[in-house]
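Listed here are the chains, written in short residue letters.
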Amino acid sequence: MLIVGKSAGTPRTRALAVALRRLVTDSGLPVRELGKRVGVSHGTISLWTNGKLIPKVSQIDVLMQVLCVPDVERHRIRELTEHAREQDWLTIGQPGVTEQLAVVLECERTAKYATDWAPDVIPGLLQTGDYARTILGRRSDLPNLDARVALRVGRRDVLTRAVRPLQLTALVGEKAIRYCIGSPTVRNHQLRYLLTMAEAETVTIRVVPLGHEWHPSRMGPFIVYEFEDDPPIVHLEHHRSGTFLYNENDVEEYRAIAVETGERAMTPEKSAAFIAKHVK
């Protein structure tokens, strides 16, 4: 057994944990019984599915055989296991989007704090269903649009759940508010929803004014996830790709950018007034 220590929080380790948790749940087998069949303790199975231990590839092969996992999924999980210790992860194309979303969901589920710098669009966790549909509907390669919109909206529960809610600081660019996308009805509903969420104890919304000077945040959006027991992760997302950064130096650079961006932002009170001014 490999005790991962600091590697427990890597992006691939989190994706592997999600995949294994889903397989174990779908199998319907009690964890103790599954552990006996694989040749490990039930506690070890639990640690795998929580991302606290990285299984050996040979153990994954046995688990896949016991659960009769199809070849395509078996290959994907085996690859995640082989590369679980790697710190950074670039996902590209439609398969990558699936993996990317799995890690994002896991980060949102387990993080204590998140700082989301969104210069041009409303942060995902603060989007209304209609606003999300306006964005996702432009992607002709995304099937099951209704389900994807529902998933995005459902993710907001991490902000309001009773136990360990995610504390979100949303640094929203002035353009995202001033030129909020969608029809007038969609835009107004989205802005009003921001004002509602700004009153939540777990959400801080701060508008970052446009300026003429250069600063690193102009390079694009990012999210910093902070965990109670694991090192932080930075997520960078583009149209058909995404990157998760785990390297300490890279992460610290983005955390510093987030602090600098916050210093340029309006106070929460002035931000709310700015948002309200743009509701037509």
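Residues numbered from 1 in each chain as written. Predicted model: local features only at pLDDT ≥ 70, side-chain atom pairs only at ≥ 80, totals over all residues. Heavy atoms only, no water.

Asks: I'd like a rundown of the packing of aromatic side chains, residues and numbers included.
Replies: In this structure the tally under the stated criterion is two aromatic pairs. Ring plane angle 35 degrees and centroid distance 6.3 Å describe the contact between W89 and F244, whose orientation is recorded as tilted. Here W89 is found in strand β3 (residues 89–92), whereas its partner F244 is found in strand β9 (residues 241–245), with 155 residues between them in sequence. Note on accessibility: W89 and F244 belong to one class, buried. (Phe/Tyr/Trp six-rings, centres within 6.5 Å; stacked < 30°, edge-to-face > 60°. Helix = DSSP H or I, 4+ residues; strand = E, 2+ residues; numbered from the N terminus. Buried < 20%, exposed > 50% of the residue type's maximum accessible area, 1.4 Å probe, protein only.)

Asks: Quick one: what's the story with the pattern of salt bridges, residue by residue and with numbers?
Replies: Taken as a whole and assessed by the stated rule, the structure comprises 19 salt bridges. Residue R78 is joined to D61 by a salt bridge in which the shortest nitrogen-to-oxygen separation is 2.9 Å. Pair noted here: R78 is in helix α5 (residues 71–82) and D61 is in helix α4 (residues 57–66), with a separation of 17 residues, a long-range link. Note on R78: relative accessible area 30%, which makes it partly exposed. A salt bridge links D120 to K175, with the nearest nitrogen and oxygen atoms 3.0 Å apart. Of this pair, D120 sits in the loop between β4 (113–118) and α7 (129–136) while K175 sits in helix α10 (residues 174–178), and the two are 55 residues apart along the sequence. By relative accessible area, D120 is classed as partly exposed at 42%. For K175, a relative accessible area of 36% translates into the label partly exposed. Among the ionic contacts, a cluster of salt bridges with common partners joins R14, K52 and D230. (Salt bridge = Lys/Arg side-chain N within 4 Å of Asp/Glu carboxyl O.)

Bear in mind that shape data such as this cannot, by itself, settle questions of function.
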